[in-house]
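# Examination of the molecular architecture
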Amino acid sequence: MDHYDIVIIGGGLAGLTAAKTLEEHNINYILLEKNSTIGGKQRTDTLDGFQCDHGFQVLSTAYPEAKKTLDLDTLRLKPFSRDAYCYNGSGFTRIAHPFENIITNITAIHRKLLTPKDLFIFSKLAFSLLKKSTSEILESTEKSTLDYWKTLGFSSSCIYYFLSPFFKGIFLDNTLTTSSRLWLYYFKQFLIGKACIPEQGIQAIPEQIASHCSPNSIKTGHEVLSIEKNTLHIKNADSIKSKLIICATSNPAASTLFHFKKIPYQSVSCFYFETSEPLIKHKGLHLDGSKGLINNFHSVTHVNPIASPKNKYLLSFSAIPEYPERIIHENEIKKDAQRYFGNQTETWNFVNKYLIKEAVPVQQHVYSSIRTNLNTDHILMSGD
Ligand SMILES: Cc1cc2nc3c(=O)[nH]c(=O)nc-3n(C[C@H](O)[C@H](O)[C@H](O)COP(=O)(O)OP(=O)(O)OC[C@H]3O[C@@H](n4cnc5c(N)ncnc54)[C@H](O)[C@@H]3O)c2cc1C
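The sections below set out a description of the structure shown in this document. A quick note: this is a predicted structure, and the numbers were derived from the prediction, not measured.

## Notes on the site of the ligand
In the region of the ligand, 31 residues are neighbours, and Ala14, Glu33, Lys41, Val58 and Asp384 sit closest. A distance of 2.5 Å separates an oxygen atom of the ligand from a polar side-chain atom of Glu33. Val224 places a polar main-chain atom, nitrogen or oxygen, 2.9 Å from a nitrogen atom of the ligand. The protein chains hide 88% of the 1000 Å² of surface that the ligand would expose on its own. Residue assignment for the shell around the ligand shows that the elements contributing at least two residues are helix H1 (13-24) and strand S18 (349-361). When residues in the shell around the ligand are grouped by element, the largest group, three residues, is from S18. Here the residues of the shell around the ligand sort into 14 nonpolar, 12 polar and five charged.

The following block contains the structure:
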């Protein structure tokens, strides 16, 4: 039986980051990933020249761990513009970053999407967050995000047409019961950083981390089936022993291995369509807080021109299902998108869809450190 100082279970962002750190400290370890590729939730498919991430995901250049772990220049990040285009049932109104384009935001006031008080609240909050550390934010008084916005005094149109679809798209939470601590954390990240996608797609992030690890230390196609004390039993392979185990799987997989209660997850469905005309000519995110199926969409091609073949355009739509089992068909999205683009959506070619049932954990309570009730010191929990 092989012996290691540390075994990492899971080759997503968390497991790979642990591996990179152990590699830097010359520690004897092995990473076991059940799939044939690393990356976990951060995967990208290339289909007929179209680059499709498994769900709409962005990297903020302000994420503290990303700045420490990644070489952002090599990822050749493609930034979104810092404007959002908010749909109110009849048309789109542009909203700008609170510090950047005051004229745009005054127009949004004229169009009754924002009020002067909204701009004041954004600015006041922004200045106070700039002075706060991540742990101060994650230890602040906690309530639901929606209640927090109401307490701050945002107008209902700002909440309904801008804040709700923007942060539903991040938390994948239709009810906005996600912790206000997490909202403050993300609000700060988007305030000081830029939302980007790597030129080669989101999977370039885990691939870059893995490139710092010895290929012999990363074993794909190795599923850990069970753990008995320090012994890990692996599907179709010999068992191995380890002094320490880092579990970097998602919560449902960890709950099976360590027999604890699963936490609930949020779901999302993401659809990609090809168009022959550039229907959107900017790099902003479109948000729909009206009662449609679509929550947000953007032109992948305008953010990252190499994500589609020449003279073809890729649109990405995200919808948050009312319940995890709800299967949304691409034709429902095309039909819903007629509200913005008319009948021409019927000419679009469907490229691919990702119906992700366990996308991100429900996070009604957020802490500044991971809490588990595992009564042992040879197992560490990491990541989602
Ligand atoms: C649609 C979507 C949108 C998102 N948007 C963003 C965003 O915009 N910005 C952002 O920062 N984050 C976003 N996230 C979250 C981000 O993708 C995750 O937080 C992150 O990828 C989680 O990494 P992880 O390593 O913790 O877990 P995972 O990526 O889940 O990796 C766990 C790995 O463990 C492996 N595994 C499981 N069981 C076993 C086993 N028994 N044996 C061996 N291996 C096992 C799995 O195959 C997997 O590879 C989004 C996620 C989704 C799904």
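## Observations regarding unusual backbone geometry
We note that Asp48 has phi near 50°; this positive angle belongs to a residue other than glycine. For Asp48, the position within the fold is in the loop between strand S3 (44-47) and strand S4 (50-53).

## Details of the pairing of strand S2 (residues 29-32)
Judged by which residues are buried, S2 turns out to be covered on both faces: Tyr29 and Leu31 on one side and Ile30 and Leu32 on the other are all buried. As a crossover connection, the stretch from strand S1 (residues 2-9) through H1 into S2 is right-handed. With two bridges connecting them, S2 and strand S10 (residues 218-219) associate as parallel partners. Counterpart to Leu32 in the pairing with S10 is Lys219.

About the cut-offs
Residues numbered from 1 in each chain as written. Predicted model: local features only at pLDDT ≥ 70, side-chain atom pairs only at ≥ 80, totals over all residues. Heavy atoms only, no water. Near = heavy atom within 4 Å. Polar contact = N/O pair within 3.5 Å; in protein donor to acceptor, adjacent residues only side chain to side chain. Areas by Shrake-Rupley, 256 points an atom, 1.4 Å probe, with all protein chains shown as cover. Helix = DSSP H or I, 4+ residues; strand = E, 2+ residues; numbered from the N terminus. Nonpolar A, V, L, I, M, F, W, Y, C, P; charged D, E, K, R; others polar. Buried < 20%, exposed > 50% of the residue type's maximum accessible area, 1.4 Å probe, protein only. Right-handed = clockwise from strand over helix to strand, strands pointing away. Pairing = 2+ DSSP bridges.

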